[in-house]
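# Descriptive structure summary
So the chains spell out like this:
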Amino acid sequence: MSKTTDWDLYEVFVRSKRGLSHKHVGSVHAADGRMAIENARDLYTRRSEGESVWVIPAKQIIASDPAEGDALFGPAADKVYRHPTFYDIPDEVGKM
Amino acid sequence: MNAVYKTEDNPLFQYVLGLGDDALVLGQRWCEWLSKGPNLELDIASSNLALDLLGQAELFLGYAAELEGSGRSADDLAYLRDAHDFRNHWLVEQPNDDWGVTIARMAMFSLYHYHRLEGLTRSNDKFLSDVATKALKEVAYHRRFASEWTIRLGQGTKESHGRVQKGFNDLWRFVPELFETIDAEQKLADDGAIVASGDLRFAWEHDLDQVLEQASLVKPEGTGRLIGSRHNGHHSEHLGLLLCELQYLQRAYPTSAGAHW
Amino acid sequence: MYTTDLRTAEEKAKDAKLKVPTKEEGEEAFQARIDADEYIEPKDYMPDAYRKTLVRQMSQHAHSEIVGMLPEGGWVTRAPSLKRKIILTAKVQDEAGHGLYLYSAAETLGTSREEMLNQLHSGKAKYSTIFNYPTTSWADVCTIGWLVDGAAITNQIPLCRCSYGPYARAMIKVCKEESFHQRQGYDGLLEMMKGTDAQKRMVQDSFDRWFWPSLMMFGPPDSDSAHSSQNMAWKIKRFSNDELRQRFVDATIPQAEFLGIKLPEQVKWNEETKHYAFGELDWDEFWAVVKGDGACASNRMDARRKAIADGKWVREAATAYAEKQRAAVRAAE
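Residues numbered from 1 in each chain as written. Chains lettered and ligands numbered in written order. Predicted model: local features only at pLDDT ≥ 70, side-chain atom pairs only at ≥ 80, totals over all residues. Heavy atoms only, no water.

## Topic: the interface of chain B and chain C
It is common to give the size of an interface as the accessible area that goes away when the parts come together. Contact with chain B, which involves 49 residues of that partner, is made by 46 residues of chain C. With both chains or domains summed, chain B and chain C bury close to 4100 Å², and 69% of this area falls on carbon and sulfur atoms. When the buried area of chain B at its contact with chain C is split by residue, Leu 40, His 260 and Trp 261 of chain B rank highest and sum to 19% of it. The interface formed by chain B and chain C holds one salt bridge in total. At the boundary of chain B and chain C, one finds 17 residue pairs in polar contact (both at pLDDT 80 or more). Going through the elements one at a time, helix H1 (11–31), helix H2 (40–68), helix H3 (74–80), helix H5 (99–120), helix H6 (126–155), helix H7 (158–171) and helix H11 (237–252) of chain B are the ones with two or more residues in the side of chain B that touches chain C. Per-element accounting of the side of chain B that touches chain C gives the leading share, twelve residues, to H2 of chain B. Within the side of chain B that touches chain C, the residues separate by chemical class into 23 nonpolar, 15 polar and eleven charged. (Contact = heavy atoms within 4.5 Å. Buried area = accessible area lost by both parts, 1.4 Å probe. Salt bridge = Lys/Arg side-chain N within 4 Å of Asp/Glu carboxyl O. Polar contact = N/O pair within 3.5 Å; in protein donor to acceptor, adjacent residues only side chain to side chain. Helix = DSSP H or I, 4+ residues; strand = E, 2+ residues; numbered from the N terminus. Nonpolar A, V, L, I, M, F, W, Y, C, P; charged D, E, K, R; others polar.)

## As for the sheet that holds strand E1 (residues 8–15) of chain A
Residues and elements named next belong to chain A. Judged by pairing direction, the sheet is antiparallel, and its three strands sit side by side in the order E2-E1-E3 without closing on themselves. The open sheet has two free edges, formed respectively by strand E2 (23–30) and strand E3 (52–57), since each of these has just one partner strand. Averaged over all adjacent pairs, the angle separating strand axes in this sheet is 30°, with direction ignored. In this sheet, E3 lies alongside E1 in antiparallel orientation, the contact comprising six bridges. By the bridge assignment for E3, Tyr 10 is matched with Pro 57. (Pairing = 2+ DSSP bridges. Axes fitted to C-alpha atoms, helices over the stretch in contact; angles between N-to-C directions.)

## So, the pairing of E1 of chain A
Residues and elements named next belong to chain A. Burial within E1 is extensive, with six of its eight residues counted as buried. Sheet topology note: the E1/E2 ladder contains seven bridges and is antiparallel. Its bridge partner lying in E2, Glu 11 is registered against Ser 27. (Buried < 20%, exposed > 50% of the residue type's maximum accessible area, 1.4 Å probe, protein only.)

## Some remarks on the pattern of salt bridges
Pairing between side chains of opposite charge can happen when their charged atoms approach one another. Within this structure, the stated rule accounts for 42 salt bridges over all chains. Between Lys 166 of chain B and Asp 170 of chain B there is a salt bridge; the shortest N-O distance is 2.6 Å. With Lys 166 of chain B and Asp 170 of chain B both in helix H7, this residue pair falls four residues apart, about one helical turn. Look at Asp 170 of chain B and you get partly exposed, because its relative accessible area is 34%. In this structure, the salt-bridge partner of Arg 84 of chain C is Asp 187 of chain C, at a minimum N-O distance of 3.1 Å. One end of the pair, Arg 84 of chain C, is in helix H4 (residues 82–107); the other, Asp 187 of chain C, is in helix H7 (residues 165–193), with 103 residues separating them in the sequence. Here Arg 84 of chain C falls in the buried class, since its relative accessible area comes to 6%. One connected set of salt bridges, linked through shared partners, spans Arg 34 and Glu 38 of chain A together with Arg 144 and Glu 148 of chain B.

## Some details on the interface of chain A and chain B
Counting residues at the interface gives eleven residues for chain A and twelve residues for chain B. Between chain A and chain B, roughly 1000 Å² of surface is buried when both sides are summed, and carbon and sulfur atoms account for 48% of that area. Looking at the side of chain A facing chain B, the largest losses of area belong to Trp 7, Glu 38 and Asp 42 of chain A, adding up to 43% of the total buried there. Counting every contact that joins chain A to chain B gives three salt bridges. Taking the shortest distance from any N to any O, the salt bridge between Arg 144 of chain B and Glu 38 of chain A comes out at 3.6 Å. Where chain A touches chain B, the interface holds three residue pairs in polar contact (both at pLDDT 80 or more). Per element, the largest residue contribution to the side of chain A that touches chain B is seven residues, and it comes from helix H1 (residues 33–44) of chain A. Among the residues forming the side of chain A that touches chain B, the class breakdown is three nonpolar, two polar and six charged.

## Concerning helix H8 (residues 197–216) of chain C
Taking 1.5 Å as the rise per residue, H8 of chain C with 20 residues should run 28 Å; its terminal C-alpha atoms sit 30 Å apart, in good agreement. Where H8 of chain C bends most, the angle comes to about 30°, and this point is Trp 210 of chain C, followed within four residues by the proline Pro 213 of chain C. (Expected span 1.5 Å × (residues − 1). Bend = angle between axes of the 7 residues up to and from the residue.)

## Describing the packing of H1 of chain A against H6 of chain B
Running from N to C, H1 of chain A and H6 of chain B cross one another at 140°; their axes reach a closest spacing of 12 Å. Judged by the inter-axis angle, H1 of chain A sits oblique to H6 of chain B. The way H1 of chain A lies across H6 of chain B gives a crossing that is left-handed. Contacts from Arg 34, Met 35, Glu 38, Arg 41 and Asp 42 of chain A of H1 of chain A reach H6 of chain B at Tyr 141, Arg 144, Phe 145, Glu 148, Trp 149 and Arg 152 of chain B. Grouping the constituent residues of the contact of H1 of chain A with H6 of chain B by class yields four nonpolar, no polar and seven charged. (Parallel < 35°, antiparallel > 145°, perpendicular 65-115°, else oblique. Left-handed = near helix turned anticlockwise from the far one by under 90°.)

All quantities given are derived from atomic positions and should not be read as evidence of function.
Here it is in structure tokens:
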């Protein structure tokens, strides 16, 4: 049996220099929190400056169920297995 | 083969060449890790380190060319000198081997480079102090990266501990050269342009001791003499091979013969 | 493209059988959301076939990015100037990043990155076969930027509007970063065409070898692609293979003319259709390369497997250290 050598998944939130709050930008793999910050910095802030970066192990995130009020779809879950994304409508895509 | 330039000729040029060559050779070593790293995150980290160092190489070699005053460019210096005219420390030309050796090399060099740049921020040479101030931010990150990985490997598993310890053991003989101060360099220090390399040893050793302790690693003892000096154009065999790869295209298709790159 | 359907006829038939379930009432509402240009997010309901197709497409896209690092990574150490070296390093770095964005987005569908990488390294998953062609000159590095990245951009821009939220957002990020990739390649060729005869021959030779494979990146002709319609309905695929291929050719030929290289005879401007005609492509070669023929296929996977194997002790060390740190924290509490 081969042991997994893939590092844990962390979700990444970045606040840009002109931003008011942290936005979810994606995820990184890392062995620990310190490394997650550095990997996130490498991956998500290469082209801008003055950032603030938050990372959190994906399995520690508790997310609301977007379909909670909706009778038709979606099993409710109180643990998040997949990435939670809290975008309403992505701004950039709206312009395209 | 004797070096083309003597150490007494234009000492500041020689010194800045050393800064540029260290950055160029170590940058090239980090380029060699691209797509070969333990995972994608480390490929990205390696490329960041390479980009920082290559950027410094461009700046320092460009300034060296200016100081030389013969109309050469940074590229001319990088691509058209042979090994006996390079002034990098022997430590940075040592091969990557594995991640343990690479990290040991980076830890030892980045701590040195950090303190060297820190001293240069106070240089009375404006170009050097400006570039050093900018580069210091980058190298602060390099030393942290290397120190953290030293600790991770030192404490991680039996295998990683063995490999990084071997890295320090094998490379320790290149440490004395980092702190050697030849007369020409001492004069530059006395003139306020640089900090003498010898004066960096105390801070370097203090920092490294802390990292090694946290990493549960043993500081290697004693060193033999390095026979030969970079100031006279002497290097290990590795530099020639590295330059072969680095310089091949410009040697095969010289811009002086009309090639455009 | 990187997302081209590379399944053989047998594989497609097998998958198709999976796609003929009873119509759940959820599927109708799901399709209605897509028709209304809504984004499907990770926790939303989606048919299994949609999920499966997306995982395959996104992971193949990610694999292509990281395999693409190999030919260029091999030339970074030989780049002919400091500027070119720096730019190429930044490009390779971007590609690693794009791979990570895409694995990240694919992971939202429930497959781990490690699983996806295992499939790549075991040969079960495919990647864009363009990278099974060898890069034998510096001109090739530039040509890859111009033609291969150019083709990728042609494909990726429409995907910024694909129906799956995380994929669309990853594509937006990728497209923003990708524009310099194509330009650096073309710029490199422009420069060489000002140089010596040997350099000009290098550029011509490079174009001759890469032009046709880059057209085949868009996948088999529409007449052969029976399964596109479902992916189009789901807005995972926005334009047909032939449409994208034509778009790419029409953009590329004027660029080639500006460079001053000789174009293949079959490429002719058609005044009626207002497009460049380019004749038949060698689809036998395409499928042979998909199957694993070609100079580099085994090299690429060997290189990837070696990197993963060589680095195993490093990843394990980091994990072990992190666990020790956590244990120390727990002990202190």
